[in-house]
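# Inside the fold
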Amino acid sequence: MAIINYEVRLKNSSSYDKEDIEASLRKIFELFDEYPTYLIPKAEKARIMRYINEIMDETDTKNLERDFNIIEECVAEIIVFEENENRVGLPGAKLGSFHLYHVDKADGEEEHIDEEEAEIAACQTWMLPNRSFYGLWESLHYKSSLKSDLVKYAETSFLLSQKSVNNTLISWNKVILFHGPPGTGKTSIAQAFAQKLAIRQICGYQNTALIEINSHSLFSKWFSESGKLVQKMFSKIRDYADDKTIMTIILIDEVESLTSARSGSANEPADAVRVVNAVLTQLDSLKKYPNVLVVCTSNITGKIDLAFIDRADMKIFVGMPEPKAIYSILESALNELYCKKVISGEYTLRAGGYDLPNPTDSERTLIAISDAAEGVSGRTLRKIPFLALMKFCEGAQQVTLENYLNALEKAIESDKIERQHLSDPEEKTSMKA
Ligand SMILES: Nc1ncnc2c1ncn2[C@@H]1O[C@H](COP(=O)(O)OP(=O)(O)OP(=O)(O)O)[C@@H](O)[C@H]1O
Ligand SMILES: [Mg+2]
């Protein structure tokens, strides 16, 4: 049977206990024949109350009015788990869990390591869920299994930790590596995954910290001291890990700069070996902490030390988005332009419209654009809507969907030509001539 789960972001001002809010949510949601996929209480109140009035007698309605007021006072937004999105309307679906959370508004805090006369920015720490990563997970579109694989990984890891499974018999290192070409969303998915773990408390911890290690500054500036610095930094990390109430997620972005293959380091090979060894030893020592997860990203897998790659439980290739994901990325951008009234008139695109039945004309156009954009990175796709407006809408303040789609098509075409020129300078010269 399908089970529908929700994430519920609470207003920071809410004065009710989470239990009360959840009870009210449950009461209201149980009245639905079809569970809502997305709801902001204020906008939906009239519709929901009308629905409730039809099926309830007056006394019950009064009680529900109180529940509704609690929701309205405390809840900022409710979204359905995306793995449930297609099941929400199913008859007989059962209401599962509500994950209620507040977002922390504090920006990442820089932590420094004192090194002789200088202070080195070693890492940045956030308490999660954090406003900085709000909505990030939902904004990322990959081939369908990537996100659910991550969630399954965390759930399995938590299950084995909870059952105190012997790590020498079943070994998992709590290290994940995202690798792939530039601009495909590796850093973003790593941050978004950490935020998701915190919201759903998948690993069972009430508090979650994300520590993002600045591998570049550690490695390049203080090359000859790097081995020692790695140790110092990890001892800071252990301070967090020792607090058993906190789930600590360590993000080592662009890990290749820390672990660039021992043989490949031309200038100071001995030091490179020391650094790699220090990182590997430290990673091994973190293995015994059930509350630590290490997430690494790299866009040059070939340069990472093999011993390091071997330690990663999951090596996830993050590639260029497929046409269906491209459609979702572009549609979310168009939707934003429509909501902010840059696109005017009728808006006839549906989210996830790439494979919905009976596509509208605009959907057909966007599908064709998405097919043509295969091979373009997520980072470029997020920029193209801006370029389309700038270059191909003749400075208009407002533009119709049809005209904007035309501009989008041209912008993608023009980006392709520019990239071709960059990769083939000879052609560029001959074209100029
Ligand atoms: N698949 C995607 N879906 C939606 N947005 C994406 C996707 N891939 C990248 N983006 C967007 O592109 C931008 C860059 O992403 P990010 O920095 O995470 O890429 P990266 O793979 O870490 O790049 P690099 O290898 O250069 O470090 C972000 O704003 C991100 O939201
Ligand atoms: Mg990155």
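Cut-offs applied
- Residues numbered from 1 in each chain as written.
- Chains lettered and ligands numbered in written order.
- Predicted model: local features only at pLDDT ≥ 70, side-chain atom pairs only at ≥ 80, totals over all residues.
- Heavy atoms only, no water.
- UniProt positions renumbered as here; feature names shortened; annotations may be inferred.
- Helix = DSSP H or I, 4+ residues; strand = E, 2+ residues; numbered from the N terminus.
- Buried < 20%, exposed > 50% of the residue type's maximum accessible area, 1.4 Å probe, protein only.
- Contact = heavy atoms within 4.5 Å.
- Areas by Shrake-Rupley, 256 points an atom, 1.4 Å probe, with all protein chains shown as cover.
- Near = heavy atom within 4 Å.
- Polar contact = N/O pair within 3.5 Å; in protein donor to acceptor, adjacent residues only side chain to side chain.
- Nonpolar A, V, L, I, M, F, W, Y, C, P; charged D, E, K, R; others polar.
- Domains from an automatic or database assignment.
- Salt bridge = Lys/Arg side-chain N within 4 Å of Asp/Glu carboxyl O.
- Pairing = 2+ DSSP bridges.
- Core = buried A, V, L, I, M, F, W, Y, C linked by side-chain atoms within 4.5 Å.
- Axes fitted to C-alpha atoms, helices over the stretch in contact; angles between N-to-C directions.
- Parallel < 35°, antiparallel > 145°, perpendicular 65-115°, else oblique.
- Left-handed = near helix turned anticlockwise from the far one by under 90°.
- Phe/Tyr/Trp six-rings, centres within 6.5 Å; stacked < 30°, edge-to-face > 60°.
- Lys NZ or Arg CZ within 6 Å of the ring centre and 35° of its normal.
- Expected span 1.5 Å × (residues − 1).
- Arc of directions from axis to C-beta.

For the protein chain, an unreviewed UniProt entry supplies the name Pachytene checkpoint protein 2 homolog and the organism Oikopleura dioica. Taken verbatim from the UniProt record of the protein chain, the Sequence similarities (unreviewed entry) comment is "Belongs to the AAA ATPase family. PCH2 subfamily."

Tallying secondary structure elements over the protein chain gives 16 helices and 13 strands in all. Here the protein chain holds 433 residues, and the buried ones make up 48% of them. For the protein chain, restricting intrachain contacts to residue pairs at least 6 apart in sequence, the fraction spanning at least 24 positions comes to 77%. Carbon together with sulfur atoms contributes 51% to the accessible area of the protein chain, which is approximately 21,900 Å² in total.

Bringing the site of ligand 1 into the picture now. Taken together, 17 residues surround ligand 1, and among them His141, Lys186, Thr187, Ser188 and Asn299 come closest. Histidine 141 is positioned such that a nitrogen or oxygen atom in its backbone is 2.8 Å from a nitrogen atom of ligand 1. Separating an oxygen atom of ligand 1 from a side-chain N or O atom of lysine 186 is a distance of 2.7 Å. Taken together, the residues of the shell around ligand 1 sort by class into 4 nonpolar, 9 polar and 4 charged. Residues from two domains meet in the shell around ligand 1; each of domain 2 (109-317) and domain 3 (323-426) gives at least three.

The subject of this paragraph is the pattern of salt bridges. This structure, assessed with the given rule, holds 16 salt bridges. Here lysine 340 ties to glutamate 336 by a salt bridge, and the two come within 2.6 Å at their closest N and O atoms. For lysine 340, a relative accessible area of 57% translates into the label exposed. Taking relative accessible area as the criterion, glutamate 336 reaches 40% and is therefore assigned partly exposed.

Another aspect to go through is the pairing of strand β10 (residues 292-298). Judged by how many residues are buried, β10 sits mostly within the fold: 7 of 7 residues are covered. Burial of β10 is two-sided: the residues Val292, Val294, Cys296 and Ser298 facing one way and the residues Leu293, Val295 and Thr297 facing the other way are all buried. Looking at chain direction, strand β7 (residues 175-179) and β10 are connected through 5 bridges and run parallel. Along β10, the bridge assignment pairs leucine 177 with cysteine 296. One ladder, built from 5 bridges, connects strand β9 (residues 246-252) with β10; its direction is parallel. In the strand pairing of β10, threonine 248 is matched with valine 292.

Attention now goes to the nonpolar core. In this structure, Leu150 and Phe178 are the most contacted members of the largest nonpolar core, which totals 35 residues. Broken down by secondary-structure element, the contributors of at least two residues to this core are β6 (118-128), α4 (136-139), α5 (145-162), β7, α6 (186-200), β9, β10 and β11 (314-317). Per element, the largest residue contribution to this core is 7 residues, and it comes from α6. If we skip the residues at most four places from it in the chain, leucine 150 touches Trp137, Ile176, Phe178, Ile189, Phe193, Met314 and Ile316.

It is at 11 Å that the axes of α5 and α6 come closest, and there the two elements cross at 50°. Classified by the angle their axes make, α5 and α6 are oblique. As α5 packs across α6, the resulting crossing turns out to be right-handed. Contacts from Leu146, Lys147, Leu150, Val151 and Ala154 of α5 reach α6 at Ile189, Phe193, Leu197 and Arg200. Residues that form the contact of α5 with α6 fall into these classes: 7 nonpolar, no polar and 2 charged.

Right, let's talk about the packing of aromatic side chains for a bit. Applying the stated rule across the entire model yields 6 aromatic pairs. A ring pair is formed by tyrosine 6 and phenylalanine 98, whose centres lie 5.5 Å apart and whose planes are at 15°; its orientation type is stacked. Within this pair, whereas tyrosine 6 is found in strand β1 (residues 3-10), its partner phenylalanine 98 is found in strand β4 (residues 94-101), the two being separated by 92 residues in sequence. Given the relative accessible area of 1%, tyrosine 6 is considered buried. When the ring of tryptophan 126 is compared with that of phenylalanine 133, the centres are 5.1 Å apart and the planes differ by 65°; the resulting orientation is edge-to-face. An aromatic cluster is present here, built from Tyr6, Phe29 and Phe98 joined pairwise through their rings. Its guanidinium or amino end placed over the ring of phenylalanine 81, arginine 200 lies 3.6 Å from that ring's centre, counting from NZ or CZ.

Counted at 1.5 Å a residue, the expected span for α6 with its 15 residues is 21 Å, and the 21 Å between its end C-alpha atoms agrees. Of all the 15 residues making up α6, 13 are buried; the element is thus mostly covered by neighbouring parts of the structure.

Counting through the fold element by element, glutamate 7 comes out in strand β1. Relative accessible area serves as the criterion here: at 2%, glutamate 7 is assigned to the buried category. One polar contact links glutamate 7 to lysine 196, side chain to side chain, over a distance of 2.8 Å. Not counting chain neighbours up to four residues away, the residues in contact with glutamate 7 comprise Glu77, Ile78, Ile79, Phe81, His99, Tyr101, Glu138, Lys196, Ile199 and Arg200.

A separate point is the packing of helix α13 (residues 361-372) against helix α15 (residues 401-423). One way to put it is that α13 packs onto α15 with a least axis distance of 10 Å and a crossing angle of 5°. With respect to their mutual orientation, α13 and α15 come out roughly parallel. Between α13, through Ser362, Thr365, Leu366, Ile369 and Ala372, and α15, the contact on the second element is made entirely by Leu401, Leu405, Leu408, Glu409, Ile412 and Lys416. Partitioned by chemical class, the residues of the contact of α13 with α15 number 7 nonpolar, 2 polar and 2 charged.

Moving on, we come to helix α1 (residues 18-29). Between its terminal C-alpha atoms α1 stretches 16 Å, which fits the 16 Å expected from 12 residues at 1.5 Å a residue. Residues of α1 that are buried: Ile21, Ser24, Leu25, Ile28 and Phe29. End-on, the buried residues of α1 take up no more than an arc of 125°, which puts them together on one face.

Locating asparagine 5 in the fold gives a position in strand β1. Of the polar contacts made by the side chain of asparagine 5, one reaches the backbone nitrogen of serine 97; its length is 2.8 Å.

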